[in-house]
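Observations on the model geometry
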Amino acid sequence: MANEELGRTLRRLRRLASLTQEALAERSGVSVDVIRHLEQGRKHSARLPTLHALANGLGVELTTLLGDPPAVASTGESDGPRFVAVRRAVMPALWKQEPEPKGSGFSLDGLRDQIAEGWTQYHSAEFDTVMKALPDLISDARGATASRDDDDRKDAFAALGKVLQLAGHVAVRMGKTDLALISLERAIDAAEQSNDPLLVPMIVNSTAWTYQRQGRLEDALSIALRAADDLMDAGRTDTADGLKVWGALTMSAATSAARSGHYERAAAMMQTAEKEAARVAKLPDGGDNRMVSVFSPSSVRIERVRLAVQYGHPQDALALAKGMRLSKDTPPSWRTWLLLDVARAHTDIGDAAGAVKTLESLRRVAPTWMQHHTLAVAIVRDLWTLPNHPPGLRPLAEFLGVGE
C-alpha cells in the first residue's frame with residue numbers, strides 16, 4: 001500500500017504506545033529497517049501482512065494505522081461550522097443561561113423518535129445527516145430536563161443521555177476522542193438522573209470503545225467487564241434489552257482482550273456471548289430496539305469473524321463466516337464490515353479470487369462506503385501487486401483509483 005501519511009502515522013502511534021523502533025519490531029515481527037524506512041519517508045509502501053503485523057504490535061486496529069475513512073460527505077470539514085455547532089452543543093459556553101422548560105407544543109415522545117432516528121442514521125453511516133441534527137436535539141433534550149414534573153424530568157434526562165451518547169459516537173468517527181469522552185461523561189451524568197437502569201451501562205460500553213480507540217486497552221477491558229458483571233448481579237439479563245446491553249459489553253471486553261494479545265481469552269468470551277445471544281428472542285422485549293445495544297447471534301458472529309481476521313486467524317474467520325445468515329436487525333454498517341473482513345481473510349491466505357469476489361459483493365452493497373474506506377483500497381492495492389490478476393480485479397482497481 002502506498003500512503004504518504006503512513007510513516008508519520010506509524011511514528012505517532014509508536015510514540016503514543018511508548019515504544020522504541022526496536023521494541024515495535026520485537027512485538028510485531030517486522031524488521032527495524034522496515035519500520036525506520038517507513039518513518040523516515042524512505043519507504044512509502046508496505047504489503048498488507050506487514051501493516052497487519054505493525055497494527056497488532058501497536059495494539060490498534062489496522063484502520064487506525066491506515067487512517068479512517070472520511071466520516072462526512074465529500075465536502076466535509078471535521079472542524080468546520082457544522083462540527084463547531086456540535087462542540088457548542090456538547091459543551092455550552094461558560095455562564096450560558098440555564099434552559100427554560102419547553103413550551104406546550106413540545107413532545108418528549110417526538111424527541112425520542114428523532115433521537116432513535118439519529119441512531120438509525122448513524123448505523124447507516126449517514127454521519128453528515130446526524131451532525132446537522134445533533135445541536136437541536138441536544139438543546140431540546142436539555143430544555144426538557146427543566147420540566148417541573150418529576151417523571152417527565154427523568155424521561156428527559158434519559159433522552160439527554162442518549163443523544164449525548166450519540167454525539168460521543170460521532171466525535172469518535174471524526175477522530176475527536178477527547179471530545180467523545182467529554183460527551184460520554186456528560187451522558188452518564190444525565191443517565192444517572194434518569195429512570196432507565198440500562199442507560200449507564202450502555203454509555204459505559206461506548207466509553208470502553210473510545211478507550212480502545214485511544215489505545216487504553218486495560219481501561220476499556222476493566223470498565224466493560226465491571227459493567228457486565230453489575231448487570232448480571234442485578235438480574236438485568238432476564239429481559240431482552242438487558243441481555244443485549246450485557247452482550248455488547250462482553251463483546252467489547254473480548255475485543256480489548258484480543259488487542260492486548262489474549263486472543264484465546266477473547267475467543268472464549270465471544271463463544272459465551274454467542275450462546276447467550278440465542279436467548280434474546282425468547283425474552284420479553286422492553287423498548288425501542290433503535291435505542292438499545294446491538295446484540296444478536298448475527299452481530300456476535302460478525303465480531304468473531306473480525307477478531308479472527310484481525311489477530312492472525314484467517315482460516316477461522318472464513319469458517320465462522322461460511323453459510324452465515326444475518327438477522328433483520330443487523331445494521332447495514334455491520335454487513336459491510338463483515339464483507340470487508342472476509343475479503344481480508346481471503347487475501348491473508350492467498351486466495352485472490354475469493355477476495356475479489358467478496359469485494360465485488362461489497363461494491364454492490366455499499367459502493368460509496370467502499371470507495372472512501374482506506375482498508376478496502378489497501379486490499380485492492382495488495383492484490384494489484386500480484387503477478388497474475390484474478391478476473392474482476394481491474395474494474396475494482398479502476399473504481400478505487402488503484403494502479404492508475
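Note that the structure is a prediction, hence the values are computed from the model and not measured. (Residues numbered from 1 in each chain as written. Predicted model: local features only at pLDDT ≥ 70, side-chain atom pairs only at ≥ 80, totals over all residues. Heavy atoms only, no water.)

**Here's the deal with the overall build of the protein chain**
Assigned secondary structure in the protein chain consists of 21 helices and 0 strands. A globule of 404 residues ought to have a C-alpha radius of gyration of about 22 Å, and the protein chain, at 22 Å, matches this closely. Counting only residues that meet the buried cut, the protein chain has 52% of its 404 residues in that class. Summarising the internal contacts of the protein chain: among those between residues at least 6 apart in sequence, 69% fall at separations of at least 24. On the protein chain, roughly 19,000 Å² of surface is accessible, and the fraction owed to carbon and sulfur atoms is 48%. (Helix = DSSP H or I, 4+ residues; strand = E, 2+ residues; numbered from the N terminus. Rg over C-alpha atoms; globule rule 2.2 N^0.38 Å. Buried < 20%, exposed > 50% of the residue type's maximum accessible area, 1.4 Å probe, protein only. Contact = heavy atoms within 4.5 Å. Areas by Shrake-Rupley, 256 points an atom, 1.4 Å probe, with all protein chains shown as cover.)

**A look at unusual backbone geometry**
Of note in this structure, serine 18 is not a glycine but carries a positive phi near 55°. For serine 18, a relative accessible area of 66% corresponds to the exposed category.

**A short note on the packing of helix 6 (residues 81–90) against helix 10 (residues 177–191)**
Describing two packed helices takes the angle between their axes plus the distance from one axis to the other. The contact between helix 6 and helix 10 brings their axes to 10 Å, and the two run at 35°. The element helix 6 and its partner helix 10 pack so that their crossing is left-handed. Contacts between helix 6 and helix 10 involve Phe83, Arg87 and Val90 from the former and Leu179, Ile182, Ser183 and Arg186 from the latter. Considering only residue class, the contact of helix 6 with helix 10 consists of 4 nonpolar, 1 polar and 2 charged. (Axes fitted to C-alpha atoms, helices over the stretch in contact; angles between N-to-C directions. Left-handed = near helix turned anticlockwise from the far one by under 90°. Nonpolar A, V, L, I, M, F, W, Y, C, P; charged D, E, K, R; others polar.)

**Remarks on the packing of aromatic side chains**
Tallied over the full model, the rule gives 2 aromatic pairs. Seen in terms of ring centroids, tryptophan 119 and tyrosine 122 are 5.9 Å apart; in terms of plane orientation they differ by 75°. Their pairing is edge-to-face. Note that tryptophan 119 and tyrosine 122 are positioned in helix 7 (residues 108–123) at a spacing of 3 residues, about one turn of the helix. You'll find tryptophan 119 and tyrosine 122 in the same group, each marked buried. Here the aromatic rings of tyrosine 122 and phenylalanine 127 are separated by 5.5 Å at their centres, their planes lie at 70°, and the arrangement is edge-to-face. With respect to burial, tyrosine 122 and phenylalanine 127 carry one shared label: buried. Lying across the ring of tryptophan 119, lysine 162 places its NZ or CZ 5.0 Å from the centre. The cationic tip of arginine 363 hangs over the ring face of phenylalanine 399; the distance from NZ or CZ to the ring centre is 4.0 Å. (Phe/Tyr/Trp six-rings, centres within 6.5 Å; stacked < 30°, edge-to-face > 60°. Lys NZ or Arg CZ within 6 Å of the ring centre and 35° of its normal.)

**A word on the side chain of glutamine 212**
Among the structural elements, glutamine 212 can be located in helix 11 (residues 199–213). Among the residues examined, glutamine 212 registers a relative accessible area of 5% and is labelled buried. Not counting residues within four places of it along the chain, the set of residues in contact with glutamine 212 comprises Leu217, Ala220, Ser252, Thr255, Ser256 and Arg259.

**Things to note about helix 1 (residues 6–16)**
Every buried residue belonging to helix 1 is among Leu6, Gly7, Thr9, Leu10, Leu13 and Arg14, and all of these are buried. The buried residues of helix 1 occupy one face: seen down the axis, they fall within an arc of 165°. Pointing more than 90 degrees away from the buried face of helix 1 are the exposed residues Arg15 and Leu16. Elements that come into contact with the buried residues of helix 1 comprise helix 2 (21–28), helix 3 (32–39), helix 4 (48–58) and helix 5 (62–66). (Arc of directions from axis to C-beta.)

**With respect to the confidence of the model for the protein chain**
Looking at the protein chain as a whole, the pLDDT averages 87, with 93% of positions reaching at least 70. When mean pLDDT is compared element by element in the protein chain, helix 10 scores highest at 96, while helix 5 scores lowest at 77. (pLDDT = per-residue confidence, 0-100.)

**Thoughts on the environment of leucine 24**
Assignment of secondary structure puts leucine 24 in helix 2. Residue class for leucine 24 comes out buried when judged on its relative accessible area of 0%. Between the C-alpha atoms of leucine 24 and isoleucine 349, which are 325 residues apart in sequence, the distance is 24 Å. Beyond its immediate stretch of four places on either side in the chain, leucine 24 contacts Leu10, Arg14, Leu19, Gly29, Ile35, Leu54, Gly57 and Leu58.

**Points about the pattern of salt bridges**
In this structure the tally under the stated criterion is 14 salt bridges. Aspartate 219 is the partner of arginine 216 in a salt bridge, and the nearest nitrogen-oxygen pair spans 3.0 Å. Arginine 216 sits in the partly exposed class, given a relative accessible area of 32%. Looking at aspartate 219, the relative accessible area reads 33%, which means it is partly exposed. Salt-bridge contacts for arginine 279 lead to glutamate 276; the nearest nitrogen and oxygen are separated by 3.0 Å. One continuous salt-bridge network, built from bridges that share partners, spans Glu303, Arg306, Asp341 and Arg344. (Salt bridge = Lys/Arg side-chain N within 4 Å of Asp/Glu carboxyl O.)

**Some remarks on helix 12 (residues 217–233)**
An α-helical turn contains 3.6 residues, so any two residues separated by three or four positions project in the same direction. In this model helix 12 runs 24 Å from its N-terminal to its C-terminal C-alpha over 17 residues, within 8% of the 24 Å that 1.5 Å per residue would give. Burial in helix 12 covers these residues: Leu217, Ala220, Leu221, Ala224, Ala227, Ala228 and Leu231. Buried residues of helix 12 fall within an arc of 145° about the axis and therefore sit on the same side. Set apart from the buried face of helix 12 by more than 90 degrees, the exposed residues are Glu218, Arg226 and Asp233. Residues of helix 12 that are buried make contact with helix 11, helix 13 (240–259) and helix 14 (263–277). Looking at the residues trailing helix 12, positive phi occurs at glycine 235, about 75°. (Expected span 1.5 Å × (residues − 1).)

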